[in-house]
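Structural overview for review
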Amino acid sequence: MDKSSYRLLQLLSLACLAYRATSSSITTYGTIIPQSPIVEIGKEFTATCVLYEAAKATVDDIYWTCNDFTVPKEQYTKINDSAVSVTIPITSETGGFLKCQKKESPSFLNQNKTIHAIKLTKGYPPEKPGNLSCMAVQSGQQISSNVMCTWQPGIRDNMLVTTYTLFGSITTINQTHSTKAQRSSGYVDFGTFPSYMELDIWVDVENKLGKVRSDILLIMDPNEMVKTNPPSDVNIISENNFSRTLLVSWKQPIHETIVKLKYNVRFCTVGSGNWTEVPPNDTESSKESFRLQYLKPDTKHVVQVRCMHHTGYGYWSDWSANTTDKTPMDKPTSKPDLWRVVIPSQGNSGRRVQVMCKDPVESNGRIQGYNIKIQDGAWESVPVNGSELNSRSQERKMIPLYQILLSDKRRGSIELKAWNSVGMSPRASLGIPKLAHEPPPVASLSSFTQDGRLWVEWQPPNLGATGVTEYVLEWVSVSDGAMDWQREPRHNRKAPIKGNLQKFKLYNISVYPMYSGWTGKPLTTATFLEQGAPLEGPSVKLRRTGKNDAELEWMAIPLDKQRGFITNYTIYIKGGKERSIVVSPDTYSYTVDGMASNRKQVVRIMASTIQGSTNGSDLSFNTLKYAPGQMEAIVVSVCIGFLFFIVLTVSLCIYKIDLIKKIWPPVPDPSNSTIANWSPDFPSKADSPKESVLGDVSVVEVDVFDRKSLCEEDKAGLPLKKDKYLSEEHSSGIGGSSCMSTPRQSVSDSEDGGDSGQTTTSIVQYSSVVASSGYKGQTPCPLPQTPCPLPQTPPSGSSQSQTPSFARSESTQPLLESEEGQEGSGQTHQRYPRNPYFRRSPGGSESRDPGDRNQLEMEEQELASLRFCPLEEGAQQTTPTDESQSPDGQPGPAPSYMPQLRGDRQQC
């Protein structure tokens, strides 16, 4: 169709649509041609928008949108004033609605701006199917007429609705059969299976965008696409004279006139799963039996059989069901696997060797015992309960046979043979060299895990592999001691461990080079099949704590709970701010520093492997307030400082004793007075004063019982002038020391005054009371510096036989008080008031009143405060004259004193 014809057809369509729109009762504004199109991805699509009169618009007011995106003006084509077309490319992203819309204007308010819209459905034309194949299965004793075919559909056929039709044509009779099929498979029924006829089979695929046909499958002989049932009645026959063969027989599934077949046989030991197929050339004929050869004696075997068209075209049948039987027994054809375990003995007793073995690989029956020979001894029979070979794991039971004691300086040899009910196996030998002459080990050893198996890799000994005949790989579980071994050829450098290793368990892997049956030195490495995080963390204990540190201790995690190699331990300390310390895996104690004193600390330890970490339990403790020995050091330091201060103080006092005496002069101690030795009941006789002592002492007789105080006399009558004495003289109290006074300056006591320049700075005059009868029978004690004078004999004219006297002496002792006085020539004699504590009896004696003890104590205190005043002039002297010289050389009168109370100073 040319362009003008297409335009004419388009105009006619537009006229019809316009007429349809005017005849409709529903107001429409336009339409898009074509309606609901199916578009092909990768091509362009053109649509035309036709406006009706109701739209009240022109093509200049029209614009296009696709999937809410405005189509550019360049893609528009104006047909006339009421029709405009648009051309858009179809891509995998194109979709949704294509809309014809008018521009908005004030007159179009509250009106729908969309004229019309169409939905775009995109897709691809159908693709050509590939890999068409057909198969006819057996039904009873015939071949089914339904032929099943399969093919590979197009990848993009699922985007649009697509139909598949399977066609089968018998070209010989020109008969075609067809049927609707699934997307990738279908059946075609020929009514009767067309044996020995030519067939053409194909598939048609169709959708809205097109139609396509597959390649035609040409089948010259339909029997080549037949799949029969598996052979039936499969049977195994075991013959006693043929220990390594089994006879297999079966029946064909279909008669050979219909389909001529060939067979395939396979077998394996029970539980192994490693099938062995008989070569197809041996079973190409249509025979129904076959003899399996080169089998293991005394071994159960599984046999299966299948068949197919003899030409080799078509399909193999399924395998027949398993058929099992056992080959007859035979004598062992391989030697036993002999090994030893050397156990070092304590002391110098040598080595204990445990001889072990496994059944021969080709035992050909149950092993009933072993014959063993040690060194050059005789053969000994060791019966055992033999074990059958585990075909699934190829593991053989380890049998401990014998234990011998071998010296380190001797080598040993072991020979072993196994036997069953049929015969004896070949001999196995093993040599154990001297301990000091063991052949060298392998040069290196390592292990790794691959595909869930543990591999061991090694290098031959340094001297080369010329002397090595094989290698023995031994592995021992560290946790439970279970061990096993395997042998590898001399040219191998790595091998997987064939034993049943467990995950998370530690194994010691050793490689022994074998030198013509003699064992070399082993090389050992520790490894895991698979590692994991520890099951538990370390349990930490506190060994020692200090002020700012603590010593921690923990035990190693048990091997069965480590689940891997410990890479490190991490110590976490929380005593305020949390911190961590990483230590090596061989560390089991650590001293943590930098802790705060007297604070609670929380510690835990985490053990880590390459697969994870596990924390141990928390440990809480408090650091000390003082470091060990710090308190003792403080106490010792204080004591030493105090002792040093005392020693320094004492030394300073001794060094400055003169200065101290000036600051604190010595004070007389009344408690050391001799009056404490007086006793009224036992008066003591006073000693007679010496002339040399009494030369400077004037004695005045005083009646101690006179109640009249001597101090009441007028002081104006004293013959001594006040200015004649430069110092004040005191008398001691009766109750105190009578010989203590303050130092003073003395002058001559002659009547003429003497020379005032003659003074003495080191001698002071002291006064003392000397009682003839004593105070209540007591006798005063002599002074410590100057002895007290003896009582003087009273003058003949005296009315009393014994009278007290007042004595004055010179001494260096300080006086208690000083008082100026004038020297007098005489003084009125006064009696001291009688003590009311004593009462006179009718016989003239005095007695104590027991009821007046308090009054006695008060009077004794008054007596202790007695002081002596100088006598007034004109008083009678009852004491010897002083030996002091007057200016003309004659002895002058000594000043006299009278006792006075310490409190009566103003009266004296």
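Residues numbered from 1 in each chain as written. Predicted model: local features only at pLDDT ≥ 70, side-chain atom pairs only at ≥ 80, totals over all residues. Heavy atoms only, no water.

1. Some points on a nonpolar patch on the surface
- Taken together, Tyr626, Met631, Ile634, Val635 and Val638 make up a surface patch of nonpolar side chains, about 450 Å² in accessible area.
- Within the secondary structure, Val638 sits in helix H3 (residues 630-655).
- The class for Val638 is exposed, based on a relative accessible area of 54%. (Patch = residues over 30% accessible without salt bridge, like charges linked within 9 Å, V, L, I, M, F, W, Y side chains within 5 Å. Areas by Shrake-Rupley, 256 points an atom, 1.4 Å probe, with all protein chains shown as cover. Salt bridge = Lys/Arg side-chain N within 4 Å of Asp/Glu carboxyl O. Helix = DSSP H or I, 4+ residues; strand = E, 2+ residues; numbered from the N terminus. Buried < 20%, exposed > 50% of the residue type's maximum accessible area, 1.4 Å probe, protein only.)

2. Observations regarding the pairing of strand E43 (residues 540-545)
- Bridge count between E43 and strand E44 (residues 550-554): five bridges; the pairing is antiparallel. Paired with Val540 across the bridge in E44 is Trp554.
- Count of turn residues in the E43/E44 antiparallel hairpin: four residues. (Pairing = 2+ DSSP bridges.)

3. What about the sheet that holds strand E36 (residues 453-459)?
- What the three strands build is an open sheet, ordered E35-E36-E39; its pairing is antiparallel. The open sheet is flanked by strand E35 (444-450) and strand E39 (494-496), the only strands paired with a single partner. Adjacent strand axes in the sheet meet at a mean angle of 20° when their direction is disregarded. (Axes fitted to C-alpha atoms, helices over the stretch in contact; angles between N-to-C directions.)

4. Things to note about the packing of aromatic side chains
- Following the criterion strictly, the structure yields eight aromatic pairs and no others.
- When the ring of Phe528 is compared with that of Phe565, the centres are 4.9 Å apart and the planes differ by 85°; the resulting orientation is edge-to-face. Pair noted here: Phe528 is in strand E42 (residues 523-528) and Phe565 is in the loop between helix H2 (559-562) and strand E45 (568-574), with a separation of 37 residues, a long-range link.
- Through pairs of rings, three or more aromatic residues link up here, namely Trp554, Tyr569 and Tyr588.
- It is Arg340 that lies over the ring of Trp339; its NZ or CZ is 4.9 Å from the centre.
- Geometry around Trp485 places Lys358 over its ring, the cationic atom sitting 4.7 Å from the centre. (Phe/Tyr/Trp six-rings, centres within 6.5 Å; stacked < 30°, edge-to-face > 60°. Lys NZ or Arg CZ within 6 Å of the ring centre and 35° of its normal.)

5. Describing the pattern of salt bridges
- Within this structure, the stated rule accounts for 23 salt bridges.
- Across the pair Arg487 and Asp337 runs a salt bridge, and its minimum N-O distance is 2.6 Å. Here the residue Arg487 occupies a position in strand E38 (residues 483-489), and Asp337 occupies one in strand E28 (residues 337-344), the gap between them amounting to 150 residues.
- Note that Glu470 is salt-bridged to Arg487, the shortest N-O span being 2.8 Å. Of this pair, Glu470 sits in strand E37 (residues 470-477) while Arg487 sits in strand E38, and the two are 17 residues apart along the sequence.
- One continuous salt-bridge network, built from bridges that share partners, spans Arg543, Arg544, Asp549, Glu551 and Glu553.

6. With respect to the environment of Tyr507
- Position of Tyr507 relative to the elements: it lies in strand E40 (residues 506-515).
- With 25 residues separating them along the chain, Tyr507 and Ala482 place their C-alpha atoms 9.4 Å apart.
- The contact partners of Tyr507, leaving out residues within four places of it in the chain, are Trp475, Val476, Ser477, Val478, Leu501, Gln502, Thr525, Ala526 and Thr527.
- From its side chain, Tyr507 meets the backbone nitrogen of Gln502 in a polar contact 3.1 Å long. (Contact = heavy atoms within 4.5 Å. Polar contact = N/O pair within 3.5 Å; in protein donor to acceptor, adjacent residues only side chain to side chain.)

7. Some remarks on the environment of Thr179
- Looking at the secondary structure, you find Thr179 in strand E15 (residues 175-181).
- Its relative accessible area of 28% is what places Thr179 among the partly exposed residues.
- Thr179 sits ten residues away from Asp189 along the chain, and the two C-alpha atoms are 8.2 Å apart.
- Sequence-distant contacts of Thr179, defined by excluding residues within four places in its chain, comprise Tyr164, Thr165, Leu166, Tyr187 and Val188.

8. Regarding the pairing of strand E4 (residues 62-66)
- Most of E4 sits out of view: five of its five residues are buried.
- What you see with E4 is no split at all: Ile62, Trp64 and Cys66 on one side and Tyr63 and Thr65 on the other are buried throughout.
- Note: E4 against strand E8 (residues 97-102), five bridges, orientation antiparallel. Opposite Cys66, over in E8, you have Leu98 as the bridge partner.
- Two elements, E4 and strand E5 (residues 69-70), share two bridges in a ladder whose sense is antiparallel. Counted as the bridge partner of Thr65 is Thr70 from E5.
- Hairpin connection from E4 to E5: two residues lie between these consecutive antiparallel strands, with Asn67 at a positive phi of about 55°.

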